[in-house]
Amino acid sequence: MALPDIFLYYSGMPVQARHLTIHVSHRAYCGAGWSWDSRTCPYHDYNLWLIAAGRGHARIDWKAGSREHELVPGECFVLRASEPISATHDPRHPLEVPYAVFSCREKGFDPPRHVRLTDLSFIDGLMERCIRAYHGHQPENAALWLSAALFELEQQAAHPLQTDARKTATVTAHAEAMRRDPAGRIPTAQLARALSCSEDHAIRVFRRQMGCSPREYHMRARLDEARALLIGSSLTIGEIARELGYADIYFFSRHFRARQGLSPRQYRERWRRERP
């Protein structure tokens with residue numbers, strides 16, 4: 001079954017559907033006390049696990065041996081039930097994880113197991129469509145979107161990010177500055193001067209390394225800090241909006257709901273109900 005309207009980031013070719021059965025697909029917004037040990041919370045067969053936002057740490061017992069992994073946006077894993085994982089996160093920067101637990105009936109199915117994505121936003125968009133189709137009781141469409149995500153993952157694994165050490169360090173420092181001061185405005189011109197290039201080229205360099213544009217990264221940093229303040233402080237919604245540099249509480253609430261699917265008040269109330 002072909003999927004002619006999805007053209008992939010590297011190949012430009014339409015996706016062919018794999019023989020997949022999706023058992024569950026969701027976008028998890030992890031609460032402050034979140035942790036996961038697959039030995040006590042097992043899953044079935046494969047689990048495509050994408051870090052869309054937040055920070056954390058995982059230990060995975062791969063077939064080749066145990067390994068520690070830093071969980072940051074752009075890390076993508078295809079886990080197997082037979083390889084245990086234990087994971088935690090920074091409660092001030094809670095993880096956002098779109099995932100799909102699935103089985104594949106193809107012989108020789110051997111997807112990349114861990115990829116540092118060069119384009120996070122593309123696969124995140126494919127996973128969002130998979131999740132929507134799954135919850136809309138459209139299993140064939142969900143399998144098509146997941147097939148596209150797996151194919152794109154293979155393409156990005158085959159074309160790893162190539163950067164020199166100076167550029168990598170410069171972009172990393174720029175991203176960390178946005179994380180430290182999400183309410184601030186760090187102009188792209190500053191990054192361009194540090195890289196000795198035009199602003200347009202600086203945006204391309206940043207996107208290749210971090211998986212999104214500087215503007216999108218800044219928006220995610222603000223959202224991460226908003227979530228941290230909602231669950232870890234007693235500040236009012238208006239105080240949080242001012243702390244993060246929003247012009248007014250209404251714009252902050254609209255932006256938060258557009259990204260999270262809940263208003264800031266609803267997010268805080270849900271976390272209080274569900275926390276351990």
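Being a predicted model, the structure only gives us computed values, none of them experimental.

Peer 1: Describe the nonpolar core, listing the residues and the values that go with them.
Peer 2: In this structure, Leu-48, Leu-50, Phe-102, Leu-117, Met-127, Leu-146 and Leu-150 are the most contacted members of the largest nonpolar core, which totals 27 residues. Counting residues in hydrophobic clusters, the runner-up holds 17 residues, among them Trp-36, Trp-49, Tyr-99 and Val-101.

Peer 1: Can you tell me about helix α4 (residues 188–195), naming the residues and giving the values?
Peer 2: Where α4 is concerned, the buried positions are Thr-188, Leu-191, Ala-192 and Leu-195. Down the axis of α4, the smallest arc covering the buried residues is 100 degrees, so these residues share one side. Packed against the buried residues of α4 are α3 (165–180), α5 (199–210) and α6 (214–232). Note on α4: the residue one or two positions beyond its end, Ser-196, has a positive phi of about 60 degrees.

Peer 1: Run through the pattern of salt bridges, naming residues and quoting values.
Peer 2: One pass over the structure, following the stated rule, counts 15 salt bridges. Across the pair Asp-37 and Arg-39 runs a salt bridge, and its minimum N-O distance is 3.1 Å. For Asp-37, a relative accessible area of 22% gives the class partly exposed. What makes Arg-39 exposed here is its relative accessible area of 57%. Salt bridges linked by common partners bring Arg-27, Glu-96, Asp-124, Glu-128, Arg-132, Arg-179, Asp-224 and Arg-227 together as one network.

Peer 1: Talk me through the environment of Ala-228; I want residue IDs and the actual numbers.
Peer 2: On the secondary structure map, Ala-228 appears in helix α6. Along the sequence, Ala-228 and Gly-54 sit 174 residues apart, while their C-alpha atoms lie 9.9 Å from each other. Setting aside residues no more than four positions away along its own chain, Ala-228 makes contact with Pro-91, Arg-92 and Ser-233.

Peer 1: Can you break down the sheet that holds strand β10 (residues 96–104) residue by residue, with the values?
Peer 2: Strand order in the open sheet made by the five strands is β3-β10-β5-β8-β11, with antiparallel pairing throughout. Whereas interior strands pair on both sides, the edge strands pair on one side only; in this sheet they are β3 (20–29) and β11 (114–116). With direction set aside, neighbouring strand axes in the sheet form an average angle of 10 degrees. Summarising the sheet, strand β5 (residues 46–50) and β10 pair through four bridges and their orientation is antiparallel. Opposite Trp-49, over in β10, you have Tyr-99 as the bridge partner. Across the sheet, helix α1 (residues 120–135) is in contact with β3, β5 and β10; its angle to β3 comes to roughly 110 degrees. Contacting β3, β5, β8 (75–80), β10 and β11, helix α2 (residues 139–158) runs over the sheet at an angle of about 80 degrees to β3.

Peer 1: Give a detailed account of α5, specifying residues and quantitative values.
Peer 2: For α5, with 12 residues, the first-to-last C-alpha span of 16 Å sits near the 16 Å given by 1.5 Å per residue. Residues Ala-202, Val-205, Phe-206, Gln-209 and Met-210 constitute the buried set of α5. Down the axis of α5, the sector holding all buried residues measures 110 degrees, keeping them to one side. Looking at the buried residues of α5, the elements they touch are β11, α3, α4 and α6. Backbone geometry just after α5 places Gly-211 at a positive phi near 90 degrees.

Peer 1: So what's going on with the packing of α3 against α5? Residues and values would help.
Peer 2: Two numbers describe how α3 lies on α5: the axes approach to 10 Å, and their chain directions differ by 85 degrees. With respect to each other, α3 and α5 are oriented roughly perpendicular. Listed contacts from α5 to Lys-167, Thr-168, Val-171, Thr-172, His-174, Ala-175 and Met-178 of α3 are His-201, Val-205, Phe-206, Gln-209 and Met-210. Per-class residue counts for the contact of α3 with α5 are six nonpolar, five polar and one charged.

Peer 1: Can you lay out the packing of aromatic side chains for me, pointing to particular residues and giving the numbers?
Peer 2: Enumeration over the complete set of coordinates arrives at 10 aromatic pairs. Arranged with centres 5.4 Å apart and planes meeting at 45 degrees, the rings of Trp-36 and Trp-49 form a pair that is tilted. Placement of the pair is Trp-36 in strand β4 (residues 35–37) and Trp-49 in strand β5, with a sequence separation of 13 residues. The pair formed by Trp-36 and Trp-49 is uniform in burial state, with each residue classed as buried. Taking the ring centre of Trp-145 as reference, the NZ or CZ of Arg-129 above it sits at 5.6 Å. Its end group placed over the ring of Tyr-246, Arg-222 keeps NZ or CZ at 3.8 Å from the ring centre.

Thresholds, definitions, all that
- Residues numbered from 1 in each chain as written.
- Predicted model: local features only at pLDDT ≥ 70, side-chain atom pairs only at ≥ 80, totals over all residues.
- Heavy atoms only, no water.
- Core = buried A, V, L, I, M, F, W, Y, C linked by side-chain atoms within 4.5 Å.
- Buried < 20%, exposed > 50% of the residue type's maximum accessible area, 1.4 Å probe, protein only.
- Helix = DSSP H or I, 4+ residues; strand = E, 2+ residues; numbered from the N terminus.
- Arc of directions from axis to C-beta.
- Contact = heavy atoms within 4.5 Å.
- Salt bridge = Lys/Arg side-chain N within 4 Å of Asp/Glu carboxyl O.
- Pairing = 2+ DSSP bridges.
- Axes fitted to C-alpha atoms, helices over the stretch in contact; angles between N-to-C directions.
- Expected span 1.5 Å × (residues − 1).
- Parallel < 35°, antiparallel > 145°, perpendicular 65-115°, else oblique.
- Nonpolar A, V, L, I, M, F, W, Y, C, P; charged D, E, K, R; others polar.
- Phe/Tyr/Trp six-rings, centres within 6.5 Å; stacked < 30°, edge-to-face > 60°.
- Lys NZ or Arg CZ within 6 Å of the ring centre and 35° of its normal.

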